[in-house]
Amino acid sequence: QVQLVESGGGLVLAGGSLRLSCAASGRTFSSNPMGWFRQAPGKEREFVAAISWSGGSTYYTDSGKGRFTISRDNAENTVYLQMNSLKPEDTAVYYCAAQKWAGAVRKSLYGFDYWGQGTQVTDSS
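Keep in mind that what you see is a predicted model, and the values were worked out from it rather than measured. (Residues numbered from 1 in each chain as written. Predicted model: local features only at pLDDT ≥ 70, side-chain atom pairs only at ≥ 80, totals over all residues. Heavy atoms only, no water.)

Overview of the environment of D123
Here is step 1 of the chain: Take D123: it is sitting in strand 11 (residues 119-123).
Here is step 2 of the chain: Distance in space between the C-alpha atoms of D123 and G15 is 9.4 Å, their sequence separation being 108 residues.
Here is step 3 of the chain: Excluding residues within four positions of it along the chain, D123 makes contact with V12, L13, A14, K87, P88 and T91.
Here is step 4 of the chain: A polar contact of 3.1 Å, which involves the side chain of D123, links it to the backbone nitrogen of A14. (Helix = DSSP H or I, 4+ residues; strand = E, 2+ residues; numbered from the N terminus. Contact = heavy atoms within 4.5 Å. Polar contact = N/O pair within 3.5 Å; in protein donor to acceptor, adjacent residues only side chain to side chain.)

Printed below as a string of structure tokens:
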């Protein structure tokens, strides 16, 4: 059974930082792109960042460029999202996702097959 388990969310002041982690189990994703999405109250789930299997290619939403960094450790079957200079509009539930097949990195939620349960990030300002 494949599981993606996020951690690292919490309350943060505007301008602060958080590092989200996503540990995968049940199969290895070392050959598969992975990504992060988020969903704010009353809004649709949206793309945040994605990373190729090797980590050599990364992609970000415009609002995250320069503030967010996605990375992965294939030996640990884990993907990370470092978030700096957080803003109130970053408040959302953040979801980790993985593509079932190796190949091109997708930036649409429909391109991802496995999802975590989400971790809440809240601006406490």
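As for the state of the cysteines
Here is step 1 of the chain: Throughout the structure, instances matching the rule amount to one disulfide.
Here is step 2 of the chain: Across a sulfur-sulfur distance of 2.1 Å, C22 and C96 are joined as a disulfide pair. Between C22 and C96, the disulfide has an S-S torsion of -75° and is therefore left-handed. In this pair, C22 sits in strand 3 (residues 18-25) while C96 sits in strand 9 (residues 92-98), placing the two residues 74 residues apart along the sequence. The two residues C22 and C96 agree in class, both being buried. (Disulfide = S-S within 2.5 Å. Buried < 20%, exposed > 50% of the residue type's maximum accessible area, 1.4 Å probe, protein only.)

This is a description of form; function is not addressed.
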